[in-house]
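# Understanding the architecture of this molecule
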Amino acid sequence: MVYTQCVPELSHLQLLEAESMHILREVASEFQRPVLLYSIGKDSSCLVRLAQKAFYPGPIPFPLLHVDTSYKFREMIEFRDFYTRQMGVRLIVHTNRKALEDGAQPFAIGTQRCCGLLKTQALLDAIREGGFDAAMGGARRDEERSRAKERIYSFRDAHGQWDPKNQRPELWNIFNNRIESAESIRIFPLSNWTELDVWHYIHVEKIPIVPLYFAKERPMLVRGETLIPVEQPFIPMLDGEQPKMVRCRMRSLGCSPCTGAIRSDADTVPKIIEELIAARRSERENRVIDHDQDGSMEMKKREGYF
Amino acid sequence: MAALVESLEESAFAQYVATERKKDLLRLLTCGSVDDGKSTLIGRLLYDSRNVFEDQIHAAAKATRNRSAGALDLSLLTDGLRAEREQGITIDVAYRYFATARRKFIIADTPGHEQYTRNMATGASTADLAIVLIDARLGVLPQSRRHASICSLLGIPRCVVAINKMDLAGYDAQVFEKIRLEFSEALGKLGIREAVFLPISALTGDNVVRRSGRMPWFEGPSLLEHLETVPIRRTAAHTEFRMPVQLVLRPDHSFRGYAGTIASGRIRAGDVVTALPTRLKSRVKRIAALEGDFEEAFAPMAVTLELEDQLDISRGDLLYSGEARAPHATERFEAQIIWMDARPLDPAKRYILKHTARTVSARVSMRQRMNIETLGDESAHTLAMNEIGLAEVAASKPLFFDPYRLNRMTGSFILIDPESNATSGAGMMRALAERRDAGPVSPAERVARWGHRGAVIRTSTMDLALALERALFDRGCAAAVVESEQSARALERAGMLALRTSEGTRDGATGEILSDLEQEGILHARHLGSRGEGI
C-alpha cells in the first residue's frame, strides 16, 4: 500500500530541470552576492530560462556577467544585448582593457596567454570588483574530462584557483556554501546535462539562441577539415589564400579567431539534434584553445579559468 | 512532393523527440578495489554502446602510446585528471553520461582507494543502483565488503555484483559460483537481498554490452541489458507529501509563494498542507509555474506553492500532508555517520549541520562504530576519516525529518567543520534519540522485552484495528486497541503498540501493514535477528 510507487516518473529532462532549479534556488538563498556568468552560448540561454522558472513569478534575483574579450562574434554581442534587454535582467560586461591596450591577441601572444589575460584574469577581476561570492556558469561535466570530476559547488581559494585533489564531498542535494572572505564558489547547475539534453531543452522550451548555431553560407578560410571564420582583420592568411563561402555553423561559441566552424546544413534545432545524433566528434573539438597541451583545460581551471 | 518528404521527416523527428522525452534516467555507481577495472568497465560500456566521440578515442589512443600500454586503454576515456593519469589510478568521483535507445544513464565512477571512501559515499548518495566490482582472481576483499556496506547504508535500492576479469580466470563457472556464494552471505548480513551477480570481462568486453559466447554456462543478461531493463525504484520513499521550503518568493504584495523541491509524494491545488514548526494548516491555492500553473506536482519536481492563508513560513520550514506518519520534529535524534575529514570527529565541537534547507549547529556523540572486517558494531567515542558509526546528534534547533530509509531527502544531512569549512561528515537519520534520563527503565530494555518499539498505529477503520491487534498478538507483540489519545501515548511510553482509528490513515491488508511496520523499524523483521533495525 503505502510503499508501492504510485508517484509518476519524471522524464530524464524533467529530472534535470528540477535539479537545476533546486541548485539555483539554493544559491539565491544562501549567498550574499551571487552572479550568473553569461557566455551568450546555448548553455547560458538554458541557464537563464531555468532561472526564470526557478523564481517565477518573481524576477531573476541576480545579475548576469559577461566577460567580453572583444574578440567575440559580432552576432553574439547583438544577441546578448537584445536578449538581456528582452528578459529585463541586469547585465554587467567586463573587459580586460589594459591587456587589450598592451596588444593581447591570440596570434601575437599565443592562445594560452591570450585566454589567461582576456578570460581568466578578466573573470577574476570582475568577480573581485563586483564582490561576488558565488558565480554560476553553464559548464557541463560531459564537455571535457577534467570537468567530469568537478563538483556542482566548486570551491575557489582567495586567488580564484581550483584544487582538484581537495574538493569537498557533495552528497544528496545538500551543498556546502561556507567560505571565508575573498574565497568564492563556482556553481554549475547544468553539471549533469549533456550536449544533447541542452538541445532538447532548447527545442521543447523554444529558447532563443545565437544565429551562429544555425547553418548558413559564411566566409571561411578552408584549411583541410578546419574552417576558420574571418571576422578579425589580424587572422594571418597563407599565400594567395582567399575566404570562401561555406555552408557551415558553430557547434560551440567562443572567440571568433579561436573557434572553428563545421560544415553543416542544420538550420533548425531539430536538424541540429539529428546532426548531433549522427556526429562522432565532441563539441569542444573546434575550440583551438583546448589543444595547447594534454590536460590543458585542467591547467586553466587550476589557474581560475571557468 | 518535396513538401511531403519534409513533413514526413518532421513527424519522424517529432516521434523521436517524443520517445526521448519519455526516456527515464538511471543513476548508477561503480565501486570496487584498486585495479578491479572500474575505469576500464565504464570505458567499455561507453565504447561498445557507441557513446564515445572519435576525437576522444584519438586522445586516449595518443595517451596510451605515451604510456606504452599496448592496445587502446579504455580506462583513459574516463580518468580525467593529470595526477591520476600519471599514477594510473582514479582519485576522485567522475561522472559519465551515456544513453541507449531505452534509457539514459549517469555513472558515478568512484575510487577504490581506502582513503577516498568519502568520494564513494558522495557517488552513492544519489545512485539508484550500484555495481560492485570483484576481481575474479582475488575474490571478495575487505574493500568489497566496505563498498557494499556503504551502498547499504546509503540506501541504494539495487545492487549488481560484476565479477570481472573472467578472461584471466579461464571463464570458469566454479570461480564465479564460489565468489557468488561468499559475497551473497556478506550482502545478506548487510540487508541487501536483491543483488544480481554477473560474470564479465571489461578488458575483452565479455558480457558487458553483448552476451558472451565464452561463458555458455551463464544464462543471465549482459550488464548493459540488465541496466536497461531493471525497474527504477527511487529509494522506495513513502508517498506522503514533503516539501522543505527553500525560499519565499514575494515579487509584490499580491503574491507570496513557497519555493522548494518536493522530497516525496504529490500535491494538488486544494490539498491541505501543514507547516512545521508552526503546525498551522492551509490549502494549496495554486502551483505557480512559468509555463502555466500545474494542477498537480510530485517528487522530485521543483515547484512554487501559493497557499490560501498567510502563514508565517520561512526558509527551512517543512510543508507536509498526512498525519498518519507526520515527520519527526526534534533536536535530538540518532543517525548513522560517515566521517570524511582527516580531522577526527570531535564530540565537544559544535559542527554546522545542514539538513534540507535548514542550517543549525550540532554536537555529535558517537555510540558505536562499524567494524568493516566483521561488519559488527563496537563501542566508540569518535570517528576517523572513512569510518562509519551510529551517533546521537543534539542540534541547536529542531529538525523536521523522516527516517533515511523512508526518505533520502528529508532523512539526510551533512556536517561542516566551522573552522576549516570542510564537509566533514554525512549523516543518515534513524529515529528519535532515546531519552536516557527518562526513568528507571530504558527504551532499549523495553525493546528487549517486547521485541518491538513502542508506537501508536493509526488505521482507517475499527475492523482493521481489531484485525491488526489479533495479528500483532499472534506475532508475540504487546498491542491493544485504545480509545483515547492519552491512553495511546501511555502504551507507547511503556514500549507497547497502541491501535487507534482516525481518518485518512493506514489502510490495506494487515500483512502489508505489518511489513510497513517492519520497514519503519517499529517491528523487527524476524529473519534479521538482532540487527533488524539497520538502515
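Residues numbered from 1 in each chain as written. Chains lettered and ligands numbered in written order. Predicted model: local features only at pLDDT ≥ 70, side-chain atom pairs only at ≥ 80, totals over all residues. Heavy atoms only, no water.

### A short note on the overall build of chain A
The helix and strand inventory of chain A stands at nine helices and 10 strands. Partitioning the intrachain contacts of chain A with sequence separation of at least 6 by distance along the chain shows that 75% fall at a separation of at least 24. Total accessible area computed for chain A in this model is approximately 11,700 Å², and 50% of it derives from carbon and sulfur atoms. (Helix = DSSP H or I, 4+ residues; strand = E, 2+ residues; numbered from the N terminus. Contact = heavy atoms within 4.5 Å. Areas by Shrake-Rupley, 256 points an atom, 1.4 Å probe, with all protein chains shown as cover.)

### Some remarks on the sheet that holds strand E9 (residues 244-249) of chain A
Strands sit in the order E8-E7-E9-E10 (chain A) across an open sheet of four strands; the sheet is antiparallel. Across the chains shown, the open sheet's two edge strands, defined by having one partner strand only, are strand E8 (226-229) and strand E10 (262-263) of chain A. (Pairing = 2+ DSSP bridges.)

### Quick notes on the environment of Ala 127 of chain B
Residues and elements named next belong to chain B. Note that Ala 127 resides in the loop between helix H5 (117-124) and strand E4 (129-135). The spatial distance from the C-alpha of Ala 127 to the C-alpha of Arg 193 is 17 Å, given a sequence separation of 66 residues. Beyond its immediate chain neighbours, meaning those up to four positions away, Ala 127 contacts Arg 27, Leu 28, Leu 29, Ile 156, Pro 157 and Arg 408.

### Considerations on the nonpolar core
Counting residues in hydrophobic clusters, the biggest one holds 101 residues, and the most contacted among them are Leu 29, Phe 183 and Leu 319 of chain B. In terms of residue count, the dominant contributor to this core is E4 of chain B (six residues). Those residues within four positions of Phe 183 of chain B in sequence are excluded, and the remaining contacts are Val 132, Ile 134, Val 140, Ser 144, Arg 145, Ala 148, Val 161 and Phe 197 of chain B. If you look at the next biggest cluster of nonpolar residues, it comprises 62 residues, including Phe 73, Phe 79, Tyr 201 and Leu 253 of chain A. (Core = buried A, V, L, I, M, F, W, Y, C linked by side-chain atoms within 4.5 Å. Buried < 20%, exposed > 50% of the residue type's maximum accessible area, 1.4 Å probe, protein only.)

### A look at helix H6 (residues 142-153) of chain B
All names here are of chain B. Here H6 contains 12 residues, and its C-alpha end-to-end distance of 16 Å stays within 8% of the 16 Å for a straight helix at 1.5 Å per residue. Counting buried positions along H6 gives 10 out of 12 residues, so the element sits mostly inside the fold. Taken residue by residue, H6 has Gln 143, Ser 144, Arg 146, His 147, Ala 148, Ser 149, Ile 150, Cys 151, Ser 152 and Leu 153 as its buried positions. Count one or two residues on from H6 and you reach Gly 155, which has phi positive near 70°. (Expected span 1.5 Å × (residues − 1).)

### Considerations on the confidence of the model for chain B
Note: predicted coordinates in regions of low pLDDT should not be interpreted at a detailed level. Residues and elements named next belong to chain B. For chain B, the mean per-residue pLDDT works out to 84, and 84% of the residues sit at or above 70. Element-level mean pLDDT values for chain B span from 52 in helix H4 (residues 82-87) up to 98 in strand E17 (residues 351-355). Under a pLDDT of 50 for its full length, residues 1-8 has, in the predicted model, zero contacts with residues more than four places off or in other chains. Considering only residues more than four positions removed or in separate chains, one finds that residues 527-535, a stretch of pLDDT under 50, has 20 contacts. Prediction confidence for the complex, expressed as pTM and ipTM, is 0.82 and 0.88 respectively. (pLDDT = per-residue confidence, 0-100.)

### Quick look at the pattern of salt bridges
A full pass over the atoms with the stated rule returns 54 salt bridges over all chains. With a closest N to O distance of 2.8 Å, Lys 104 of chain B and Asp 197 of chain A form a salt bridge. Of this pair, Lys 104 of chain B sits in strand E3 (residues 103-109) while Asp 197 of chain A sits in helix H7 (residues 195-205), placing the two residues on different chains. Judged by relative accessible area, which is 0%, Asp 197 of chain A ranks as buried. Between Arg 367 of chain B and Glu 334 of chain B there is a salt bridge whose closest N-O contact spans 3.2 Å. Separated by 33 residues along the polypeptide, Arg 367 of chain B in strand E18 (residues 358-370) and Glu 334 of chain B in strand E16 (residues 328-339) bring together distant segments of the chain. (Salt bridge = Lys/Arg side-chain N within 4 Å of Asp/Glu carboxyl O.)

### Side note on helix H12 (residues 510-519) of chain B
All names here are of chain B. Turning to H12, its buried residues number three or more, namely Ile 513, Leu 514, Asp 516 and Leu 517. The buried side chains of H12 occupy one side of the element, clustering within an arc of 160° when seen end-on. For H12, the elements touching its buried residues are strand E23 (455-459) and helix H10 (462-474). Just past H12, the residue Gly 521 takes up positive phi, approximately 80°. (Arc of directions from axis to C-beta.)

### Some details on the packing of helix H1 (residues 12-30) of chain A against helix H2 (residues 42-55) of chain A
Residue and element names in this part refer to chain A. As a packed pair, H1 and H2 sit with axes 9 Å apart at the nearest point and diverge in direction by 70°. Judged by the angle between their axes, H1 and H2 are roughly perpendicular. For the pair H1 and H2, the contacting residues are Glu 17, Ser 20, Met 21, Leu 24, Arg 25 and Ala 28 in the first and Leu 47, Leu 50, Ala 51, Lys 53, Ala 54 and Phe 55 in the second. Grouping the amino acids of the contact of H1 with H2 by side-chain chemistry returns eight nonpolar, one polar and three charged. (Axes fitted to C-alpha atoms, helices over the stretch in contact; angles between N-to-C directions. Parallel < 35°, antiparallel > 145°, perpendicular 65-115°, else oblique. Nonpolar A, V, L, I, M, F, W, Y, C, P; charged D, E, K, R; others polar.)

### Quick notes on the pairing of strand E2 (residues 64-67) of chain A
All names here are of chain A. Burial along E2 is two-sided: the residues Leu 64 and His 66 and Leu 65 and Val 67 are all buried. Relative to E2, strand E1 (residues 34-37) runs parallel, the two sharing two bridges. Its bridge partner lying in E2, Leu 36 is registered against Leu 64. With respect to chirality, the unit in which E1 leads through H2 into the neighbouring parallel E2 is right-handed. The pairing of E2 with strand E3 (residues 91-94) spans four bridges and is classified as parallel. Directly across from Val 67, in E3, lies its bridge partner His 94. Viewed along the sheet, the connection from E2 through helix H3 (residues 74-87) into E3 turns out right-handed. (Right-handed = clockwise from strand over helix to strand, strands pointing away.)

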